[in-house]
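Coordinates in review
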Amino acid sequence: MSLALAAVLALAASEARACDLALTQSPSTVVINYNPFAIGPSSGAIDLGLKNQGDEACELRLSFVDDGGAAVSSLALGGVGVQFRPREASGLQTSDVEPGVFRYTLAGKTTGQAQMDVAIVVDAVPDAGTYASDLKLLVKDADGTALLAPIPVRMQLVSTPRAQLNLAGAAGAFGSGSSVEVVDFGDASTGLTRRIFVQVRANSPSVISIKSEHGGVMRRQGDVETESSVAYAVELDGALVDLTAPWTKEVDPPRTLAGMSLPMLFTLGTVRDQMAGRYQDVIAIDISPH
């Protein structure tokens, strides 16, 4: 009787030692550098280094939980939706029967890396800043027994201040029309007007700056002997722009991909007795986020 009991205890101890796992690399912080206006997805990498010190293969189950112990398969950082996706080239696979659980097999006496990406699945335009969520990564065997202490992992999305400016001939969303680089008055006459739209999108309050090369007048091209010019005025969103010096305007676009569209009105001054020819001025329009 005692011999049989000793044999059973020895077998149990042998089974308990079958998955002797050690952590070799821990993803303490996962950073996603997020540009809401960029083309293409953003993601962060999770590389979990493991070593199987036992002789038998380890069938592992990896999952994330929040501070309350609830399973987490996706989360929102600053309104941006992210999701965990395995890199199957590393051997990590999603579980067909356990949502939010990833399966990983590590042969005996080997080391490996279980790799996954934290991928953007829902875009948004958060305010510039850093958004974080603290999770725990659990590593268990196929029976649900914890093989390692919960691994703290901070998910962090960094949205740096960004602003974009586009000129369009009509109000509309970004990318819906061609950009405007030349405002052509045609045959000049006093009081003639032209209108374009300055489209702005940003993830923080920003400053539009406007500077005229010739201080608010168009000069006759190719004329080096006789200075002949045509004055003009500019209004941006109803505000008169002082073209005699660098001019700025504070804007705070809505946090959307469409942003805001500001009408820009050009009005010719007095046209009388100027020499015939083509007149031109260059206005530099820029935007800078705070």
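For the structure, see preceding data.
Let me begin by describing the structure that accompanies this report.

1. Details of the overall build of the protein chain
- Scanning the protein chain from N- to C-terminus turns up one helix and 22 strands.
- A burial count over the protein chain gives 37% of its 290 residues as buried.
- Summarising the internal contacts of the protein chain: among those between residues at least 6 apart in sequence, 77% fall at separations of at least 24.
- For the protein chain, the exposed surface amounts to about 15700 Å²; the carbon and sulfur share of it is 50%.

2. Points about the nonpolar core
- Residues Leu62, Phe64, Phe84 and Met155 are the most contacted members of the largest nonpolar core, which totals 34 residues.
- With residues up to four places along the chain from it excluded, the contact list for methionine 155 reads Val30, Ile46, Phe64, Leu77, Phe84, Val118, Tyr131, Ala132, Ser133 and Leu135.
- Residues Leu167, Tyr232, Leu236 and Leu268 belong to the second largest nonpolar core, which totals 23 residues.

3. Observations regarding the sheet that holds strand S22 (residues 283-289)
- Within the open sheet, the three strands sit side by side as S19-S15-S22. Their pairing is antiparallel. Bordering the open sheet on either side are strand S19 (247-251) and S22, each of which pairs with just one other strand. Looking at each pair of strands side by side, their axes are set apart by 20° on average, direction ignored.
- With seven bridges connecting them, strand S15 (residues 206-212) and S22 associate as antiparallel partners.

4. Topic: the state of the cysteines
- For the coordinates displayed, the defined rule picks out one disulfide.
- The disulfide that involves cysteine 19 links it to cysteine 58, with 2.2 Å between the sulfurs. With cysteine 19 in the loop between helix H1 (2-16) and strand S1 (21-25) and cysteine 58 in strand S4 (residues 58-65), this residue pair connects regions lying 39 residues apart in the sequence.

5. Brief notes about the environment of glutamine 274
- Within the element layout of this structure, glutamine 274 appears in the loop between strand S20 (260-268) and strand S21 (279-280).
- According to the relative accessible area criterion, glutamine 274 is partly exposed, its value standing at 25%.
- Separated by 47 residues in sequence, glutamine 274 and glutamate 227 place their C-alpha atoms 9.5 Å apart.
- Contacts of glutamine 274, omitting those with residues within four sequence positions, involve Ser228, Ser229, Val230 and Tyr279.
- Among the polar contacts listed, one links the side chain of glutamine 274 to the backbone oxygen of threonine 270, at a separation of 3.2 Å.
- Looking at glutamine 274, its side chain comes within polar contact range of the main-chain nitrogen of arginine 272, at 2.6 Å.

What counts and how
Residues numbered from 1 in each chain as written. Predicted model: local features only at pLDDT ≥ 70, side-chain atom pairs only at ≥ 80, totals over all residues. Heavy atoms only, no water. Helix = DSSP H or I, 4+ residues; strand = E, 2+ residues; numbered from the N terminus. Buried < 20%, exposed > 50% of the residue type's maximum accessible area, 1.4 Å probe, protein only. Contact = heavy atoms within 4.5 Å. Areas by Shrake-Rupley, 256 points an atom, 1.4 Å probe, with all protein chains shown as cover. Core = buried A, V, L, I, M, F, W, Y, C linked by side-chain atoms within 4.5 Å. Pairing = 2+ DSSP bridges. Axes fitted to C-alpha atoms, helices over the stretch in contact; angles between N-to-C directions. Disulfide = S-S within 2.5 Å. Polar contact = N/O pair within 3.5 Å; in protein donor to acceptor, adjacent residues only side chain to side chain.

Remember that the coordinates give geometry; whether it matters functionally is a separate question.
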